[in-house]
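Residue-level structure breakdown
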Amino acid sequence: MKSLIDFFERVEKLREQLNVHNYRYYVLDDPSITDAEYDRLFHELLDLEELHPELKTSDSPTQRVGAAPLAEFQPVPHSISMLSLSNVFDFNELQAFDKRIKDRIKNANSIEYICEPKLDGLAISLRYEQGVLVQAATRGDGQTGENVTDNCRTIKTIPLKLINHNIPNILEVRGEVYMPLSGFTKLNEFILEKNEKPFANPRNAAAGSLRQLDSKITAIRPLAFFAYGIGETSEVIAETHSEVLKRLSSLGFCVSPGYQIVQGAQFCQDYYEQLIQKRHTFDYEIDGMVIKINSLALQIELGFISRSPRWATAYKFPAAEVTTIVESVDFQVGRTGALTPVARLKPVSVAGVIVSNATLHNMDEIARKDIRIGDTVIVRRAGDVIPEVARVVLECRQHNTKTIESPTHCPICQSAVEKIEGESAIRCPGGLHCSAQCKEMIRHFASRKAMDIEGLGDKLIEQLVDKSLIKTAADLFQLSFNRLASLERMAEKSAKNIIDSLEKSKNTSLNRFIFSLGIRDVGETTALSLAQYFGDLTAIMQATTEDLLAVNDVGPIVAENIRAFFDDSHNQQVIRELLAANIHWPAMPQKSAENKLSGKTFVLTGTLSSMSREEAKEKLQALGAKLSESVSKKTNYVVAGEEPGSKLQKAQTLGVSILGEIEFLKLF
Ligand code: IVH
């Protein structure tokens, strides 16, 4: 009789062998056994696992076939944000990028760059603990992604278990899930045979396949993965990016192929030009190159600006250009009433995406490009950039083209439009009487960075305004469950969720509230400065233009806009109603305490038990602190919650002060 231990050993052995064969086949493209031999080993393992289900593990090669369908994807906060890249589009911009870096770094002569193809797929973060894949998440908004672990398990080039020894306890691997062109063509042929709608391009196909709630569907889609970086790690694994790539390769990943270390903008340009020549020889789409600084220490020194690192940029391939015809021009009304001309085009495929609208920006732009209705134009789209009309093909102009007239009345509410002096825009003065502005205003009010009303999407806002159920943001809080549930396509559960999120949103912060009002030119940062400076709403509403000018980043125009907003009796009424609906916020710190942490830079890592990361950030900012994503010598404090990431280690190495949760709470 075989003991359970014998079974266990055999199962372990089979898994190890299958993992190696899988790696040789999919990653190295160099199998050492036949498919039949592989199948035999695989089935032996399947049988043993069936006999002893208690021996099943998540990293077993048998677990790549897909799991039970999910109802929805769960959110996954990224302990280290997944950033996006700034762009350069020509050699001049590349030189400017190089110069910006060299201006910031002392020993700038010998900076090494690493050039890589920019893969056109979806960014994914894979978390390995003790060498085993435990979580896969999409990028999402960079801070929080979606849990797509079951789906990623089905991708053969994603190791379920890292090979090799000497693996850090925690390792997050970042890279791109993509669909090889050969697989994409076959998939679309298959879809067409079933008379269904094919995917527009491999990127959409990859995204659609990865975001399947049923991982059994993902399992039969031809997806693959290239690693190009790391997120959180429990130990420092390399000193340069090229070492990171080598290390990832030795752990069992396909790394972004064809990378090269170079020095200086000219050599980056050379790599770029070679890549343009070679791009069509790859079995996957690339949309440019990525230039990164090779030294990880320099990457940390340079840090980030907004959501992109200063140490890297994307150099996109020239935009795809296609000719088409301007069939008509409509004017769209924005939140502040600005009317934007939009060209309705004869639909064309630009770089694989069907384009039927393109913004014409404003009347000056139309005059400059001399665009007329009926003209043949060149439409351009670069990467995710919104399509635009690059120029008119004058040789094709017919005699019957029509000039585009600036509208005299708002197309939505028919108010006579105004031209704002000194601006090229024309505006509808209808304010909230104009349903287009009303919708945009409410959309802004409910948005994530404003009142964050979950579930109140564009379609619903449209329905509510069109049915005259709401006219202002304050009306949202008068909506009853029955009213919502009686709307078309509204399930009771969704109605209940919306009522709950409206209730939840009432507990906010002064700066969010100010931002959500949609005062022209008052963005998140200005709203925060106003809240910090004045401390309460009444003070802001009563401030004179001179008072307002004393606030950081408030100039004369913004001060006028703020004054005009609060002088409007309708706005005052909406604010009264919002407050009456019990929208509230904690008191802002008194002026004396306001600048307690000014000039101090904080970095957050790990999870705090008393508050979310967003709340911690807001509290620190309220005391004047600056928040940064990465630890450098300039960091004053690192706040370490539970399960801190590599930022904590970095802080220890650099001798930066570390605050635990209790010490952090004492600051307030
Ligand atoms: S590095 C902060 N390397 O481009 C570093 N990204 O616009 C960010 N991408 O979301 C990532 N190929 O999906 C990096 N070799 C490469 C890449 C690459 C494609 C994508 C990635 C990212 C986006 C940034």
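Residues numbered from 1 in each chain as written. Predicted model: local features only at pLDDT ≥ 70, side-chain atom pairs only at ≥ 80, totals over all residues. Heavy atoms only, no water.

**Brief notes about the packing of aromatic side chains**
Two descriptors summarise a pair of aromatic rings, namely the distance from one centre to the other and the angle between the planes of the rings. Counted according to the given criterion, the structure contains 16 aromatic pairs. Ring centres 3.6 Å apart and planes at 5° place the aromatic pair Tyr272 and Tyr315 in the stacked group. Highlighted residues: Tyr272 in helix 9 (residues 265–278) and Tyr315 in strand 13 (residues 312–316), separated in sequence by 43 residues. In terms of burial, Tyr272 and Tyr315 fall into one category: buried. Between Phe445 and Phe477 the ring centres are 6.3 Å apart and the planes differ by 80°, which places this aromatic pair in the edge-to-face class. In this pair, Phe445 sits in helix 12 (residues 435–446) while Phe477 sits in the loop between helix 13 (458–466) and helix 14 (481–485), placing the two residues 32 residues apart along the sequence. Each member of the pair, Phe445 as well as Phe477, is classed as buried. Three or more aromatic residues link up through ring pairs in this structure, and these residues are Tyr178, Phe226, Phe282 and Tyr284. (Phe/Tyr/Trp six-rings, centres within 6.5 Å; stacked < 30°, edge-to-face > 60°. Helix = DSSP H or I, 4+ residues; strand = E, 2+ residues; numbered from the N terminus. Buried < 20%, exposed > 50% of the residue type's maximum accessible area, 1.4 Å probe, protein only.)

**Things to note about empty space enclosed by the protein**
Enumeration over the complete set of coordinates arrives at 2 cavities of 30 Å³ or more. In this structure, the largest cavity encloses a volume near 130 Å³. Around the largest cavity, the lining is made up of 13 residues, and of these Leu432, Met441, Ala473, Leu517 and Val574 lie nearest the centre. The set of elements that each furnish at least two residues to the lining of the largest cavity consists of helix 12 and helix 21 (569–580). The residue inventory of the lining of the largest cavity, partitioned by class, reads 10 nonpolar, 3 polar and no charged. Considered as a void within the structure, the second largest cavity measures approximately 100 Å³ in volume. Lining the second largest cavity we find 13 residues, and of these Asn19, Asn22, Tyr23, Pro159 and Gly252 sit closest to its centre. (1 Å grid on protein atoms, 1.4 Å probe; cavity = no way out; pocket = protein on both sides within 12 Å on 5 of 7 lines; lining within 4 Å. Points joined across faces, edges and corners; volume = space filled by probe spheres on them. Nonpolar A, V, L, I, M, F, W, Y, C, P; charged D, E, K, R; others polar.)

**With respect to the side chain of Lys506**
For Lys506, the location among the structural elements is in the loop between helix 15 (492–505) and helix 16 (510–516). Ignoring anything within four residues of it in the chain, the contact list for Lys506 reads Phe477, Ala581, Asn582, Ile583 and His584. (Contact = heavy atoms within 4.5 Å.)

**Focus: the pattern of salt bridges**
Across all of its chains, the model carries 36 salt bridges by this definition. As a salt-bridge pair, Glu196 and Lys194 come within 4.0 Å of each other at their nearest N and O atoms. On the basis of relative accessible area, Glu196 is assigned to the partly exposed category, the value being 43%. Lys467 is the partner of Glu488 in a salt bridge, and the nearest nitrogen-oxygen pair spans 3.9 Å. With a gap of 21 residues between them, Glu488 in the loop between helix 14 and helix 15 and Lys467 in the loop between helix 13 and helix 14 connect regions that are remote in the sequence. Residues joined by salt bridges that share partners form a network here, namely Arg127, Glu129, Glu172, Arg174 and Glu232. (Salt bridge = Lys/Arg side-chain N within 4 Å of Asp/Glu carboxyl O.)

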